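A closer look at the structure
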Amino acid sequence: VLEFGTVIWNPNCITHIEALEKPQKKLIKQLNLRKRIHLNGYSAGLRHHGLISLESKRLVADLCYLHKIVNGGVDSPGLLQLLPFHCPRRVGRNPSLFYVDTSRTNYAQNSFVNRACIGYNKNCMGDPRKDIFSSSIHSFRKCLMELARL
């Protein structure tokens, strides 16, 4: 249920993020104790058991929804119109696909459009496998999940 609604509600406060991660941290700790594995930290446990953090899952869900908006998988011209595509007059040093302006409020800064555009610019630019226009949603998601497991 949390993964499905993450596009609408994505926590930005550390306390909320930690509260959501707490059950998964407990699970990793119990798995390590049950299998008598001594790993240092939560991220090492995630890698060992082949899991990814819930924060990474939320980022993958945001980017997959952005992919669906751009490629017509979600029929919402209003959302597509909100995406700030970066169309420079000449090629410069900043090859980002989306132009993200600074926000005056936390609400605007943590909105889906801002969050997804920043996430795409940060994690997907420069990798042809993560091209939002030419890759299918399945190959895009698979590539993002591989990135999240690192």
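Everything that follows concerns the structure shown earlier in this document.
Thresholds applied
- Residues numbered from 1 in each chain as written.
- Predicted model: local features only at pLDDT ≥ 70, side-chain atom pairs only at ≥ 80, totals over all residues.
- Heavy atoms only, no water.
- Helix = DSSP H or I, 4+ residues; strand = E, 2+ residues; numbered from the N terminus.
- Buried < 20%, exposed > 50% of the residue type's maximum accessible area, 1.4 Å probe, protein only.
- Contact = heavy atoms within 4.5 Å.
- Areas by Shrake-Rupley, 256 points an atom, 1.4 Å probe, with all protein chains shown as cover.
- Expected span 1.5 Å × (residues − 1).
- Polar contact = N/O pair within 3.5 Å; in protein donor to acceptor, adjacent residues only side chain to side chain.
- Phe/Tyr/Trp six-rings, centres within 6.5 Å; stacked < 30°, edge-to-face > 60°.
- Lys NZ or Arg CZ within 6 Å of the ring centre and 35° of its normal.

On to the overall build of the protein, then. Regarding its fold elements, the protein presents seven helices and zero strands. Element order for the protein, N to C, with α for helix and β for strand: α-α-α-α-α-α-α. For the C-alpha atoms alone, the extent of the protein along its principal axes is close to 60 × 35 × 30 Å. Burial statistics for the protein: of 150 residues in total, 34% are counted as buried. By sequence separation, contacts in the protein at least 24 residues apart represent 52% of the contacts at least 6 residues apart. Surface exposure of the protein reaches about 10,600 Å², of which carbon and sulfur atoms provide 56%.

Taking 1.5 Å per residue, twelve residues should reach 16 Å; helix H6 (residues 112-123) reaches 16 Å between its end C-alpha atoms and fits that length. Counting buried positions along H6 yields nine of twelve residues, so the element is predominantly enclosed. Buried within H6 are the following residues: Phe-112, Val-113, Asn-114, Arg-115, Ala-116, Cys-117, Gly-119, Tyr-120 and Asn-121. Looking at the packing, one finds that the buried side of H6 touches helix H3 (54-70), helix H4 (77-82), helix H5 (106-109) and helix H7 (137-149).

What follows concerns the side chain of Asn-121. Locating Asn-121 in the fold gives a position in helix H6. In this structure Asn-121 comes out as buried when scored by relative accessible area, which is 19%. From its side chain, Asn-121 meets the backbone oxygen of Phe-98 in a polar contact 2.7 Å long. Excluding anything up to four places from it in sequence, Asn-121 contacts Ser-96, Leu-97, Phe-98 and Val-100.

Turning our eyes to something else, we now look at the environment of Leu-31. With respect to the helices and strands, the residue Leu-31 is situated in helix H1 (residues 14-34). By relative accessible area, which is 26% here, Leu-31 ends up partly exposed. Counting along the chain gives 36 residues from Leu-31 to His-67, while the straight-line C-alpha distance between them is 35 Å.

Moving on to the side chain of Ser-96. With respect to the helices, strands and loops of the structure, Ser-96 is situated in the loop between H4 and H5. Overall, the relative accessible area of 14% leaves Ser-96 in the buried class. If sequence neighbours within four positions are ignored, Ser-96 has contacts with His-86, Asn-121 and Met-125.

Using the criterion set out here, one finds four aromatic pairs in the structure. Judged by centre distance (5.8 Å) and plane angle (85°), the rings of Phe-98 and Tyr-120 are edge-to-face. Remark: Tyr-120 occurs in helix H6 and Phe-98 occurs in the loop between H4 and H5; sequence separation between them is 22 residues. Neither Phe-98 nor Tyr-120 differs from the other in exposure class; each is buried. Among the aromatic residues, ring-to-ring pairing joins Phe-85, Phe-98, Tyr-120 and Phe-133 into one connected group. Its guanidinium or amino end placed over the ring of Tyr-42, Lys-25 lies 5.4 Å from that ring's centre, counting from NZ or CZ.

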